[in-house]
Amino acid sequence: MAAIDLSALEARDGGRLGFVALDTNTGRSLGWRGDERFVYCSTFKIYLAAATLIRIQDGHETADRRIPVTAADMVSHAPVTGPAVGTGLSVDRLMQAVVEVSDNPAANLLLKTNGGLEAMRNFYRSIGDDSTRVDRFEPEMNRLDGDKDTILPARSVANLQRLFLDSASPLNAGSQARLLDWMFASPTGVDRIKAGVPAGWRVAHKTGTGGYGPTNDIGLLYPPTGQPVIVAAYYHATPTTSGAANDAVIADATRIALKSLGYD
């Protein structure tokens, strides 16, 4: 991996930025703090949905099974599960909710029905990731506490490559397409990675936000022709910087990396 100097972006508002981009057309990759740990916040929900889809493929779960949603399940940010309290939602709808709009109770329900935190750890290990930490449920996982619930940007890129582009992916073609559809449809983070790509590109991604500085976005960036560029951006901003400024750091890092890779 070649180094890309993003120190000026860190100096602009403070904080620490982890960024890796892999051009799957050429195999060329660029990184800045790619092997340092960052709290992942809701970016993990791509991997949670992938783990659930694998369970469905293997016959351990069904997409249409309804999971009860109760008042006891409610934590902050429940745009889909909140209105469903007292009824239930299908596994498929819960997956869609976590990827598209980052519903936190939906994430906890899927984590629990999949077998808990240990099952999520096992999913990461099954795709060759032996470093990502899984320690807490939502929303506690967003709080900085040593290495708890952290990931390496380089590892996140490798995970996305394994799931979506590797012939040995545990996701079948149908599951890959379903997950990508949700990632493309997500309305979040329009000023992060999406703001840093050239005109005509499409972005399948998942954001994560800590609410006190951490501002993340990971995904696959598709040029008009050819294979995608995989990007993982984790920015631990300071609590005093604005959300707009934090988003702009990720957009600018994406723009700089793509230009370095030969995309204008």
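See the structure shown above.
Cut-off values and rules
- Residues numbered from 1 in each chain as written.
- Predicted model: local features only at pLDDT ≥ 70, side-chain atom pairs only at ≥ 80, totals over all residues.
- Heavy atoms only, no water.
- Buried < 20%, exposed > 50% of the residue type's maximum accessible area, 1.4 Å probe, protein only.
- Helix = DSSP H or I, 4+ residues; strand = E, 2+ residues; numbered from the N terminus.
- Phe/Tyr/Trp six-rings, centres within 6.5 Å; stacked < 30°, edge-to-face > 60°.
- 1 Å grid on protein atoms, 1.4 Å probe; cavity = no way out; pocket = protein on both sides within 12 Å on 5 of 7 lines; lining within 4 Å.
- Points joined across faces, edges and corners; volume = space filled by probe spheres on them.
- Nonpolar A, V, L, I, M, F, W, Y, C, P; charged D, E, K, R; others polar.
- Pairing = 2+ DSSP bridges.

Among the 10 residues of helix 3 (residues 91-100), 8 are classified as buried, and the element is accordingly described as predominantly covered. The set of residues buried in helix 3 consists of Val91, Asp92, Leu94, Met95, Ala97, Val98, Val99 and Glu100. Where helix 3 terminates, the next one or two residues include Ser102, which has phi positive at roughly 60°.

Each aromatic ring pair is summarised here by two numbers: the centre-to-centre distance and the angle between the ring planes. Under the counting rule described, the total for this entry stands at 6 aromatic pairs. Measuring from ring centre to ring centre gives 5.9 Å for Tyr40 and Phe44, while their planes differ by 40°; the resulting arrangement is tilted. The exposure class of Tyr40 is buried, given its relative accessible area of 2%. Ring plane angle 70° and centroid distance 5.7 Å describe the contact between Tyr47 and Tyr124, whose orientation is recorded as edge-to-face. Taken together, the residues Tyr47 in helix 2 (residues 45-57) and Tyr124 in helix 5 (residues 117-126) connect sequence positions 77 residues apart. Judged by relative accessible area, Tyr124 falls into the buried class, the value being 0%. Three or more aromatic residues joined by ring pairs make a cluster, and in this case those are Tyr47, Phe123 and Tyr124.

Further remarks concern the layout of surface pockets. Quantified by volume, the largest pocket comes out at close to 190 Å³. Lining the largest pocket are 15 residues, with Ser42, His77, Ser102, Asn104 and Thr209 sitting closest to its centre. No other element matches strand 8 (residues 202-209), which puts 4 residues into the lining of the largest pocket. Put simply, the second largest pocket is a space of about 160 Å³. Along the walls of the second largest pocket sit 13 residues, with Ala51, Arg55, Asn114, Ala119 and Phe123 positioned nearest its centre. Among the elements that line the lining of the second largest pocket, the one with the most residues is helix 5, at 5 residues. In terms of residue class, the lining of the second largest pocket is made up of 6 nonpolar, 5 polar and 2 charged.

Turning our attention to the pairing of strand 3 (residues 29-32). Side chains of strand 3 alternate between two faces, with Ser29 and Gly31 and Leu30 and Trp32 buried alike. Direction of pairing for strand 1 (residues 2-3) relative to strand 3: parallel, over a ladder of 2 bridges. Considered in strand 3, the bridge of Ala3 is made with Gly31. Pairing geometry for strand 2 (residues 16-23) and strand 3, over 4 bridges, is antiparallel. Looking at the pairing, Val20 lines up with Gly31 of strand 3. In sequence, strand 2 turns back onto strand 3 through a hairpin of 5 residues, with Gly27 there showing a positive phi of about 85°.

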